[in-house]
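# Topology and contacts: notes
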4 protein chains.
Amino acid sequence: MKKLKLGMVGGGQGAFIGGVHRYAARLDNRWELVAGALSSNPERAAASAEELGLERSYASYEEMAVAEAAMEDGIEAVSIVTPNHMHAGPVIAFLNAGIHVICDKPLCATTVEAEEILKAIKSSSAHFILTHNYTGYPLIRQARNIIAIGELGKIRVAQVEYAQDWLTQCIENEGQKQASWRTDPVKSGGGGAIGDIGTHALNLLEFVTGLEAQALSAELHSFGPGRLVDDNAHVQLRLDGGAKGTLWASQIAVGNENGLRLRVYGDRGGLEWSQEDPNKMTVAIHGSSKRILTRAGAGLGSSSSWTRIPPGHPEGYLEGFANIYSDAADLIEGKSDGSLLPGYKEGLRGMSFIQACLKSSRNDGKWEFI
Amino acid sequence: MKKLKLGMVGGGQGAFIGGVHRYAARLDNRWELVAGALSSNPERAAASAEELGLERSYASYEEMAVAEAAMEDGIEAVSIVTPNHMHAGPVIAFLNAGIHVICDKPLCATTVEAEEILKAIKSSSAHFILTHNYTGYPLIRQARNIIAIGELGKIRVAQVEYAQDWLTQCIENEGQKQASWRTDPVKSGGGGAIGDIGTHALNLLEFVTGLEAQALSAELHSFGPGRLVDDNAHVQLRLDGGAKGTLWASQIAVGNENGLRLRVYGDRGGLEWSQEDPNKMTVAIHGSSKRILTRAGAGLGSSSSWTRIPPGHPEGYLEGFANIYSDAADLIEGKSDGSLLPGYKEGLRGMSFIQACLKSSRNDGKWEFI
Amino acid sequence: MKKLKLGMVGGGQGAFIGGVHRYAARLDNRWELVAGALSSNPERAAASAEELGLERSYASYEEMAVAEAAMEDGIEAVSIVTPNHMHAGPVIAFLNAGIHVICDKPLCATTVEAEEILKAIKSSSAHFILTHNYTGYPLIRQARNIIAIGELGKIRVAQVEYAQDWLTQCIENEGQKQASWRTDPVKSGGGGAIGDIGTHALNLLEFVTGLEAQALSAELHSFGPGRLVDDNAHVQLRLDGGAKGTLWASQIAVGNENGLRLRVYGDRGGLEWSQEDPNKMTVAIHGSSKRILTRAGAGLGSSSSWTRIPPGHPEGYLEGFANIYSDAADLIEGKSDGSLLPGYKEGLRGMSFIQACLKSSRNDGKWEFI
Amino acid sequence: MKKLKLGMVGGGQGAFIGGVHRYAARLDNRWELVAGALSSNPERAAASAEELGLERSYASYEEMAVAEAAMEDGIEAVSIVTPNHMHAGPVIAFLNAGIHVICDKPLCATTVEAEEILKAIKSSSAHFILTHNYTGYPLIRQARNIIAIGELGKIRVAQVEYAQDWLTQCIENEGQKQASWRTDPVKSGGGGAIGDIGTHALNLLEFVTGLEAQALSAELHSFGPGRLVDDNAHVQLRLDGGAKGTLWASQIAVGNENGLRLRVYGDRGGLEWSQEDPNKMTVAIHGSSKRILTRAGAGLGSSSSWTRIPPGHPEGYLEGFANIYSDAADLIEGKSDGSLLPGYKEGLRGMSFIQACLKSSRNDGKWEFI
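The rules behind the values
Along every chain, residues carry numbers that run from 1 in the direction the sequence is written. As they are written, the chains are lettered A onward and the ligands numbered 1 onward, keeping that order. pLDDT decides what is reported in this predicted model: residues at 70 or higher carry local features, side-chain atom pairs at 80 or more are listed and counted, and totals for whole chains, interfaces and linings draw on all residues regardless. Placing a C-beta atom from the backbone of each residue, one calls two residues in contact when those atoms lie within 7 Å. Comment: elements are numbered from the N terminus, with helices defined as DSSP H or I runs of at least four residues and strands as E runs of at least two. One requirement defines pairing of two strands: DSSP has to find at least two bridges between them. Here, axes are lines fitted to C-alpha atoms. For helices the fit covers the stretch in contact, and angles between N-to-C directions go from 0 to 180 degrees. Superposing the copies works by least squares over the C-alpha atoms of residues that have pLDDT at least 70 in both of them. Under the scheme applied, nonpolar residues are Ala, Val, Leu, Ile, Met, Phe, Trp, Tyr, Cys and Pro; charged residues are Asp, Glu, Lys and Arg; polar residues are all the others, including Gly. Neighbour density around each residue's C-beta defines its exposure: 20 or more other C-beta atoms within 10 Å make it buried, 12 or fewer make it exposed, and counts between make it partly exposed, where C-beta atoms are placed from the backbone. The scheme is simple: roughly parallel for angles under 35 degrees, roughly antiparallel for over 145, roughly perpendicular for 65 to 115, oblique for anything else. Each crossing gets its handedness from the near helix: less than a right angle anticlockwise from the far helix is left-handed, clockwise is right-handed. Where each domain begins and ends is defined by an automated method or by a domain database. When buried Ala, Val, Leu, Ile, Met, Phe, Trp, Tyr and Cys residues are joined through C-beta atoms within 7 Å, the set is termed a nonpolar core.

The figure often quoted for interface size is the accessible area lost as the parts come together. Counting residues at the interface gives 30 residues for chain D, matched by 30 residues for chain C. Looking at the side of chain D that touches chain C, the elements that each hand over two or more residues are β7 (155-163), β8 (213-221), β9 (232-239), β10 (244-250), β12 (269-274) and β13 (280-285) of chain D. It is β10 of chain D that provides the largest number of residues to the side of chain D that touches chain C, a total of four residues.

Structure (structure tokens):
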């Protein structure tokens, strides 16, 4: 069993999400990380590469894309894990070099960049995958199936929320690196909570329901004194087919760590799921008692296709994230059509969502199309 | 210990909330139900009174108000438990007769009625109490205290929801009495879920936070085919002091029985409570681990003032409702100032809330002042 | 509707369980408390009676039994809510007087007393009811039905526990009245936790499973320094038909308020219930997903026979206790055969259980028959 | 960063725990699996090795131990993941070859084997590690610390249970491989549930409390018709310092997937943890409200040393298992003293525990020393 060769842009010392991508790529033994441009600072890039034991370290992603494409056994895919405003450059460079791209969300920071990425995708033979990783949770995929086959009937209401509390205080003023770029509108792309976690929430809602949000009305607010981006967002949604939705994204909801929760109600049934307790999901069919589905457990279809261990032995965030990487390997190796993988379309929806939220909120909650 | 004498208007055979009021009045042994006009149908009134063993049964509330006021040992208070559109008449009649009124919510069906009630209150020596009963839950009162003394800091976000599923199907077309009048805009006062349960939700949020909603943006919808009132409402709120809120009321959220839930977040801490599990509440102070407060249990002030049994022996809905009746007895007997009791002001806010929701929803979510 | 006339022995000022019985008797409006010998101290008895507004107060239960039996409209039943070692006297006196007895558990303090009670029962026309109140919870009765109709198959394992923490410290040495008599082997009857709460646990297990414990092996211990009765008991059970069981009773398990929990597993299915969250129960059928049954909610038979309000509005401890009183009223009024009511047999089993535990524990866990 | 070279014995096609070890070894990128004798069937061994892309496949573990020890870059450690009765052979062979051993639990099948393993350990320079993996959960290690520093005071009661339901029916008769060897007393070593999962439970209890069980009284039973080993075990424990304990192991408790739960109560506080929801733990200090500690979250020391991702993003079974492998790497590389790693001593306790349970149960629950 040959492993696919992977490169990485970003993710050097002090970064967070780069490490997560490495765990996810490694878990199922389908990928081997061999090359990287781990930092825009060449010295940190080199030090980070040595720490990780990478075979090949580059001082810039441009150099890396050219060199790897030219090698016989160059990387087959690259993970882009830079801050949002530094996605577009490497994404385009590697696509142009014919190397598959696995990009952290959101897609990029501006709609101009998004269009350039689209052009690159269209002219490239390589795949573009966006790590909306929460769609990798087995029960989320089972939820999607349950709805797709009509168990809940016609969907009426869908609610999603992603609540955190780590920005309750303005730690961006104290040099916290993760907080600093996320609360800088230039680096984040304008949105705060709405971009950082609200896009995940929207993606999850649309993935599971199979419905798209057509329009939204948003109330964004910055509670952190002097903060330039939203840290709390209340959004109402109008979905395909007349369904109604809400989305709440917050980074100041004290007591919430990563409270990503989804609730969907149709005219026959409803389901509820919470990311912090991801191995179970409740499903209610009107007139019957509520059921607790467990990951890989009995009942209503099964989520065992995307799991590694038996029910009752919990899987978590890394396992869900790893499903994205393994699906990507399947796609690249021609073993699947990648239909569950998020990509450009989902990325663009995230971008549109952020812009629509910002516009609606500026206009006193006026409904905006997405 | 002498018991207060109580009358009742409405609540005859086939009614729901009348029985609840009787349980609540009886529990703490402060009240004795002695008279009633239990139905607008005289025969049913008489039969219902006999079933309950009432000493005095009247064919109409008008007659009852006059007669009881004239008696030496007539009732000291009356419970009004008729459908919404039949509140104003008896409320005014008994106030005018100098008899205290304990009225089921909402206040009444129209703003004209509300003004007439106000006039009656102003010219009467009797008290007017509205049974927003969820404020009687001990932990809800403790939550109010926790916030009042600043444990959570300045409130930023407050969210309340009241989700049911009993109107998932259009059972009003099958003769279900409770469903029929609640989905008839004339009898309900125009609102559906928003009036029936949304007003409870708003009241709870305002009671606990001590903040009033200043304006709202609402998206009401009727999912039940042919249904004339809303059965799902998504509402955004702007609260005193810049706090943001949301309110969700639904009667079609499959799997929810009486899912009244409250979450409040300040710049120091947050708390969460659910009516279906009312004997516990979680409180998080930023930077510390979350705590589980229990009814009458240890920690952060105490809710033991309004409880009957030790922690770990659950109290429920009837006990919370009974707190309203016992507080009313205290007020009437001069043992307290009744500052925790909901009354006209809360009722009027409920009316304004319904009207503002209806107007905002008609105007595509335009913000309306309450 | 005429109310039954009730008397009470014990339950004066400073008592706990007497108040609970009064709430329970009052809730459904079937009983009227009219007479009492509320304390063995005549002054306190009188003061307590006045506080409660009792029509007739007696200085002793002996006097009360005689007097009430002689009255035209004397009490029809009496509640015995004295400490354990003072049960037998009044129980026998009222039975001999032909007055129905509703006695708090346990039956009494010694086997000699138990035999005398049995004699009195046999020679009396009156009913004897023992308030093993937890059997009044609607879902507990539904659990009994579920098992009786074979939904779980043949029962293999049944586990019950009742964990508290209020005796973690030796508050009996600080004059806490409830703690003092419960930790005095003379007044409690020898058992500590095993008698006070362990008997409830055994009763619940036997009520729900329909199986009796045939033998037990016990390890009792007193962790409180100087304490003379057990405050923690680990018991293994052998049940009818080869099923195995465990029972844990503790009053020093820090963090447990009234943690009465039951789990039953058969060869087809299992169920779990917790008294602190009594409005739901989980049921698993092997090979299917677990279901959450709610009080009066949909699915697997129904518990709505013994409830007052719709699902989702929680009922609690007092409501469950009230079911015992209302069942007793039904029995006395000839409306039911009282087959669900606990009585002498259950009381004797509790006595035997305590004695067997004490003996087994003294003999290093040797199995004892019950 | 050089990876350690790992071999594996057992874990070929159709096995379960071998795959888990491979995930665990891979997750933190400290190990590289390069060699294996994956099956006692040479053809399956070869096919399995090819499927995994192993560099070196052996037909027997004897051959493998000799060959790898002789190589310049032979494996530094080996994972033994064969059925219980096939542990001793390879363990001894690799220890004798100077290769570190990471062995799945239990230690082996007989006490004779255990003594031989001890001899091998004493005469070898290599480490012996037993994968009692549940001790790798971060909150379990935090629990151990909490108790060690005295937060709960002197421990009084400790209870552990491991409940499953996968052997509710006799699937061993239908050719289910995992069930077949586990219910064969020769291959399992005599114990059923008590050995397969009871040893995990005991280990967890002793690891967290820092107390050893001195004696036990056991009631083992086989509910599966014709089953030769226990499928349900109720055990009472006497622990160091006078603490009392219970242990329940079951594989027929319908509705339990991997219900490993621990509760510990001291004279100051208590804690509770459940493996199926491993990212949180409740801690109660007497007289205060209960707290919810989360993995890597705020409060009472911290579990962040052994985690990979922030609180609120759940980790699971594989991450806990991986902590054992990473600790082993630390030990081998001289970066830690491995004091948290389970080894021979823990394995021997497991063996003694099984034997004591079997003996006690045969003798009607007579207390046996462990």
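From this point on, the discussion continues.
Glancing now at the sheet that holds strand β6 (residues 128-130) of chain C. Residues and elements named next belong to chain C. If you walk across this open sheet you meet the six strands as β3-β2-β1-β4-β5-β6, and the pairing is parallel. Every interior strand has two partners, whereas the edge strands, β3 (56-57) and β6, have only one. Bridging between strand β1 (residues 4-9) and strand β2 (residues 31-37) involves six bridges; their strand directions are parallel. If you follow L4 over to β2, its bridge partner there is W31. Sheet contacts for helix α4 (residues 88-96): β1, β4 (77-80), β5 (100-103) and β6; angle to β5, the most-contacted strand, approximately 160°.

Moving on: the relation of the copies chain D and chain C. Structural alignment of chain D on chain C gives an RMSD of 0.0 Å, achieved by rotating through 180° and translating 0.0 Å along the axis. A rotation of that kind, with that shift, is consistent with a two-fold axis. Counting the interface residues of chain D, we find that 100% of their copies in chain C are interface residues as well, pointing to one common contact surface.

Moving on: the interface of chain A and chain B. Of the residues lining the interface, 30 residues belong to chain A; the matching set on chain B comes to 30 residues. Of all the elements in the fold, those that place two or more residues in the side of chain A that touches chain B are β7 (155-163), β8 (213-221), β9 (232-239), β10 (244-250), β12 (269-274) and β13 (280-285) of chain A. Take the side of chain A that touches chain B: its biggest share by element is four residues, from β10 of chain A. Residues belonging to the side of chain A that touches chain B are distributed by class as follows: nine nonpolar, 14 polar and seven charged.

Here we take up the environment of I140 of chain D. Residue and element names in this part refer to chain D. Summarising the element assignment, I140 is placed in helix α6 (residues 138-148). In this structure I140 comes out as buried when scored by C-beta crowding, with 23 C-beta atoms within 10 Å. The spacing of I140 and P278 is 138 residues in sequence and 8.7 Å in space, taken between C-alpha atoms. Setting aside anything within four residues of it in sequence, one finds I140 in contact with Y134, T135, L204, V208 and W273.

All right, on to the relation of the copies chain A and chain B then. The operation relating chain A to chain B is a screw motion whose rotation component is 180°, with 0.0 Å of axial translation and a residual RMSD of 0.0 Å. Mapped onto chain B, 100% of the interface residues of chain A are again interface residues, and the two copies thus contact each other with one and the same surface.

On to the sheet that holds strand β4 (residues 77-80) of chain B. Residue and element names in this part refer to chain B. The sheet built from six strands is open, its strands ordered β3-β2-β1-β4-β5-β6 with parallel pairing. With one partner strand each, in any of the chains shown, β3 (56-57) and β6 (128-130) form the two edges of the open sheet. Two strands pair when backbone bridges link them, and strand β5 (residues 100-103) and β6 are joined in this way by three bridges, in the parallel orientation. Looking across to β6, one finds that I102 is bridged to I129.

A word on unusual backbone geometry. K105 of chain C connects to P106 of chain C through a cis peptide bond whose omega is -10°. One non-glycine residue, A296 of chain D, lies in positive phi territory at about 70°. Mapped onto the fold, A296 of chain D is located in the loop between β14 (290-294) and α10 (317-332). When the 23 C-beta atoms within 10 Å are taken as the criterion, A296 of chain D is described as buried.

Another point: the pairing of β13 of chain D. All names here are of chain D. Most of β13 is tucked away, with five of its six residues classed as buried. Where β12 meets β13, five bridges bridge the pair, whose relative direction is antiparallel. Note that in β13 the partner of L271 across the bridge is V283. The loop that links β12 with its antiparallel partner β13 comprises five residues. Strand direction decides the pairing type here: β13 and β14, joined by four bridges, are antiparallel. From the neighbouring strand, T282 faces β14, where its bridge partner is I292.

Residue and element names in this part refer to chain A. It is at 9 Å that the axes of helix α4 (residues 88-96) and helix α5 (residues 111-123) come closest, and there the two elements cross at 10°. Judged on the interaxial angle alone, α5 and α4 are roughly parallel. Listed contacts from α5 to A88, V91, I92, L95 and N96 of α4 are E113, E116, I117, A120 and I121. Each residue belonging to the contact of α4 with α5 can be placed in one class, and the counts come to seven nonpolar, one polar and two charged.

Bringing the packing of helix α9 (residues 193-209) of chain D against helix α11 (residues 344-362) of chain D into the picture now. Residue and element names in this part refer to chain D. Their axes nearest at 9 Å, the elements α9 and α11 cross at an angle of 120°. In this view, α9 runs oblique relative to α11, as classed from their interaxial angle. In this structure, the crossing between α9 and α11 has a hand that is right-handed. Contact residues: α9 offers I194, G195, T199, L202 and N203, while α11 offers E346, R349, G350, F353, I354 and C357. Looking at the contact of α9 with α11, its residues break down into five nonpolar, four polar and two charged.

On to the domain arrangement of chain A, then. All names here are of chain A. Domains assigned within chain A are domain 1 (4-130) and domain 2 (137-310 + 343-362). Each of domain 1 and domain 2 has a C-alpha centre, and these two points are 26 Å apart. Each partner contributes residues to the interface: domain 1 has 18 residues there, and domain 2 has 18 residues. Per-element accounting of the side of domain 1 that touches domain 2 gives the leading share, five residues, to α5.

Within the largest apolar cluster, 490 residues are counted, with the highest numbers of intra-cluster contacts made by V101 of chain A, V101 of chain B, V101 of chain C together with V101 of chain D. Excluding its chain neighbours within four sequence positions, the residues that come into contact with V101 of chain A are A77, V78, I80, V91, F94, L95, A126, F128 and I129 of chain A.

Residue and element names in this part refer to chain B. With five of six residues buried, strand β12 (residues 269-274) is to be regarded as a mostly interior element. Here strand β11 (residues 259-266) runs beside β12; their pairing, made up of five bridges, is antiparallel. Its bridge partner lying in β12, L262 is registered against W273. Between β11 and β12, which pair antiparallel in sequence order, lie two residues.

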